[in-house]
Amino acid sequence: MAAAVSGSGPGAPDILVGPLDLAARVDEALAVQAVAFGLGREEIEVRRHIVLRHLDHPQARALGATTPSGRLVGFVYGMPNDRAQWWSTVVEPYLRATGSEGWLDDSFVITELHVHPDHQQHGIGRTLITTITDAVDQPRSILSAIDTESPARGLYRALGYRDLARQVHFPSAPKPYAVMGAPLPLRRPRAMDFRPPPLPG
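Residues numbered from 1 in each chain as written. Predicted model: local features only at pLDDT ≥ 70, side-chain atom pairs only at ≥ 80, totals over all residues. Heavy atoms only, no water.

Novice: Teacher, can you tell me more about the packing of aromatic side chains here?
Specialist: Ring pairs (aromatic) are described by centroid distance and by the angle formed between their planes. Per the counting criterion, the structure on display carries 3 aromatic pairs. Between Phe170 and Tyr177 the ring centres are 5.3 Å apart and the planes differ by 85°, which places this aromatic pair in the edge-to-face class. On the basis of relative accessibility, which here comes to 13%, the residue Tyr177 falls in the buried class. Taken together, the ring pairs connect Trp86, Phe170 and Tyr177 into an aromatic cluster. In this structure, Arg140 packs its charged tip against the face of Trp103, placed 5.1 Å from the ring centre. (Phe/Tyr/Trp six-rings, centres within 6.5 Å; stacked < 30°, edge-to-face > 60°. Buried < 20%, exposed > 50% of the residue type's maximum accessible area, 1.4 Å probe, protein only. Lys NZ or Arg CZ within 6 Å of the ring centre and 35° of its normal.)

As structure tokens, this is what we get:
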């Protein structure tokens, strides 16, 4: 389960997406998340414990995006949804209110997906999320994202995710989130048709 992402633009390096020992490289991953998400030291320490606890799940999966020198510039991890998990218990009433509660069953949750800002807009996030979901057994995927029109939300929509619930409030989170779901495999962009237009007459 690995994929190459060719850099685009002047000086953009080639990036390799492949399996990541997230427990061993958790501090590197959280450093990427801190820059991408604007997190402080205390928030990172809290998230460190959360990530390590998630990785105890026997079906947790993680992928990393690394430069040729081995520097981690992006990561994704997730696991099959469990209604007993904290995230699931928070979003359940919101999904029930929109008739979308069934998405909590037989779904793979994208728990975190982050790419360092210096390496965004090169297809790394798309490669991370499509590669990890291509390898799971669940027929659909769910995730949460800050409920604003961001590049991340645009990417998720392009992959086939749609809003299941909006204005979802997590305890201690300053901004509301949207919960999104998509059938698997995720949508790929259609190949562009480069044939010249027919000549008139």
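Moving on from the coordinates now.
Novice: Teacher, can you tell me more about the nonpolar core here?
Specialist: In globular proteins that are soluble, nonpolar side chains generally tend to be buried together. In terms of nonpolar packing, the biggest core is built from 26 residues, with Ile110, Leu128, Ile129, Tyr156 and Tyr161 touching the most fellow members. Listing elements by their share of this core, those giving two or more residues are β2 (15-19), β3 (61-66), β4 (72-80), β5 (107-115), α4 (124-134), β6 (140-146), α5 (151-158) and β8 (177-183). Beyond its immediate sequence surroundings of up to four residues, Tyr161 is in contact with Ile110, Ile129, Thr133, Ser141, Ile142, Leu143, Tyr156, Met180, Gly181, Ala182 and Leu186. (Core = buried A, V, L, I, M, F, W, Y, C linked by side-chain atoms within 4.5 Å. Helix = DSSP H or I, 4+ residues; strand = E, 2+ residues; numbered from the N terminus. Contact = heavy atoms within 4.5 Å.)

Novice: Looking at this model, I keep getting lost on the pattern of salt bridges. Mind explaining?
Specialist: Where charged atoms from two side chains of opposite charge come close, those side chains can pair. With the rule as written, the count across this model stands at 15 salt bridges. Across the salt bridge formed by Arg96 and Glu92, the nearest N and O atoms sit 3.5 Å from each other. Taken together, the positions of Arg96 and Glu92, both in helix α3 (residues 86-97) and 4 residues apart, correspond to about one turn of that helix. Residue class for Arg96 comes out partly exposed when judged on its relative accessible area of 47%. Taking relative accessible area as the criterion, Glu92 reaches 18% and is therefore assigned buried. Between Arg153 and Asp163 there is a salt bridge, with its nearest N and O atoms 2.6 Å apart. In this pair, Arg153 is assigned in helix α5 and Asp163 in strand β7 (residues 162-168), connecting sequence segments 10 residues apart. By relative accessible area, Asp163 is classed as partly exposed at 28%. If you follow the salt bridges from partner to partner, you end up with Asp147, Glu149, Arg153, Arg157, Asp163 and Arg166 in one network. (Salt bridge = Lys/Arg side-chain N within 4 Å of Asp/Glu carboxyl O.)

These results come straight from atomic positions and should not be treated as a statement about function.
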